Amino acid sequence: MNRFVESRARSAIFNLKPYVPGKPIEEVKRELGLEDIIKLASNENPLGPSPLAQKAASSVISQMHIYPDSNCFELKRRLSELFDQPTDTILVGNGSDELLKLIAETFLNPGDEVVMPQPSFSEYQFTATVMDGVCVQVPLHGFALDLSAMLKAINQRTKVVYLCNPNNPTGTIVTKEQVDRFMEEVPDHVLVVFDEAYQEYVDNADFVSGLDYLTTGKNVIVCRTFSKIYGLAALRIGYAFTTQAIAGAIERVTEPFNVNSVAQVAALAALDDLEHLQASQFLNRQGKQYLYEQLETMGLSYVPTQANFIFLDTGKDCRLVFDKLLQKGVIVRTGDIFGYPNHLRVTIGTAEENNRFIEALQTVLGNLS
Ligand SMILES: *Cc1c(COP(=O)(O)O)cnc(C)c1O
């Protein structure tokens, strides 16, 4: 390593593991010389962005020489109405990734502990490690968050606990009953971060949003995103609800123009495109049923999902299956990075994409057996 970097950079950065993104379509085209590729690797909306959002985004392109509204006034006003939360408790970020980073920057001193499920979304570990925090990873129980084990992992040094609900990469939820019990017992010196990136896909009536605990006097923040069901991943925009005091603290470390104006107007339009939202939910439900049936026919086990992806057991080395699928133009995610060497995480796509995935998987597993 370079001597300057080694001796002068903050030592915490050398504890960071690089983020493993879903393989981009263009990269697969270049590397494998394939033309017809489907990406079921990053839980993007297979219907694309809301048409209303596209129209709104186009309408502000000519104004991109003007700085965006640093307060996201219109978007916060609409979020406030829709979710019945005061505007001064709402935060908007450059993706919910930024909000997660801001939470860490606001609360973590070196050595502070954060409690998170394992496996789960990698940003919790990343943002805590950037701040030289200590990550306490609590294994899942049967693919779902183990809330009683997470409670036991909390101590005097714990600053933040992350609840990814539904959990990425397993798609499981924790129930209202479980979260109720957790919230009753979680100490007041801990910030509870609910990451609800996939909550629009949930159809289990036992689900509860972190919003229900915002007025209990506990310290809660609920992060959501426009990247998944709203189909705006490239614009980078997410939002959060919390208390007035926590919002004020996080705003202190937020860059003045963190959310660009194209993202702000597109998100505002997407929120009111119920047709697109419902079509996306419908397509996901259909695709989920289809994939369940096909996987069962193939004798493969999977984790029933409340999100727009399925975590499934191929019974084979997932890296091998991944490579073979890639050669057939199907990009998915391997489970090894999450500690499951035989699993894949596949995004639920359009009917055509799901069909192509299943056919490719049948061929690949047939050839490997
Ligand atoms: C995709 C995802 C996000 C969203 O990130 P953005 O920065 O808003 O694109 C957040 N949390 C989880 C668990 C996710 O899977």
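Quick notes on the rules
Residues numbered from 1 in each chain as written. Predicted model: local features only at pLDDT ≥ 70, side-chain atom pairs only at ≥ 80, totals over all residues. Heavy atoms only, no water. Salt bridge = Lys/Arg side-chain N within 4 Å of Asp/Glu carboxyl O. Helix = DSSP H or I, 4+ residues; strand = E, 2+ residues; numbered from the N terminus. Buried < 20%, exposed > 50% of the residue type's maximum accessible area, 1.4 Å probe, protein only. Arc of directions from axis to C-beta. Contact = heavy atoms within 4.5 Å. Disulfide = S-S within 2.5 Å. Axes fitted to C-alpha atoms, helices over the stretch in contact; angles between N-to-C directions. Parallel < 35°, antiparallel > 145°, perpendicular 65-115°, else oblique. Left-handed = near helix turned anticlockwise from the far one by under 90°.

Novice: An account of the pattern of salt bridges is requested, with residue identities and associated values reported.
Specialist: Under the criterion given, the structure shown has 18 salt bridges. Salt-bridge contacts for lysine 29 lead to glutamate 26; the nearest nitrogen and oxygen are separated by 3.7 Å. Here the residue lysine 29 and the residue glutamate 26 both occupy positions in helix α2 (residues 25–32), the gap between them amounting to three residues, near one helical turn. A residue is classified by how much of its surface remains accessible, and glutamate 26, at 47% relative accessible area, is partly exposed. The closest approach of N and O atoms between lysine 288 and aspartate 203, which form a salt bridge, is 3.6 Å. Of this pair, lysine 288 sits in helix α11 (residues 274–297) while aspartate 203 sits in the loop between β6 (191–195) and β7 (219–225), and the two are 85 residues apart along the sequence.

Novice: Give me the lowdown on helix α4 (residues 73–83), citing residues and values where you can.
Specialist: For an α-helix, the turn length of 3.6 residues means that residues three or four places apart are oriented alike. Buried within α4 are the following residues: Leu75, Lys76, Leu79 and Ser80. Projected down its long axis, α4 shows its buried positions confined to an angular sector of 135°, all on one face. Taken together, the buried residues of α4 touch β2 (90–93), β8 (238–241), α9 (244–252) and α10 (261–271). Immediately downstream of α4, the backbone of aspartate 84 shows phi near 55°, a positive value.

Novice: Account for the state of the cysteines, naming residues and giving values.
Specialist: Using the criterion set out here, one finds zero disulfides in the structure. Not engaged in a disulfide, the cysteine cysteine 318 finds its nearest cysteine sulfur in cysteine 164; these two sulfurs lie 20 Å apart. Owing to a relative accessible area of 0%, cysteine 318 belongs among the buried residues under this scheme.

Novice: Explain the packing of α4 against α10 to me, and be specific about the residues and the numbers.
Specialist: The N-to-C vectors of α4 and α10 enclose an angle of 25°; their axes lie 9 Å apart at closest approach. Taken together, the axes of α4 and α10 lie roughly parallel to each other. Seen from above, α4 lies across α10 with left-handed handedness. Packed against α4, whose contacting residues are Glu74, Leu75, Arg78, Leu79 and Leu82, the element α10 presents Gln264, Ala267, Leu268 and Leu271 at the interface.

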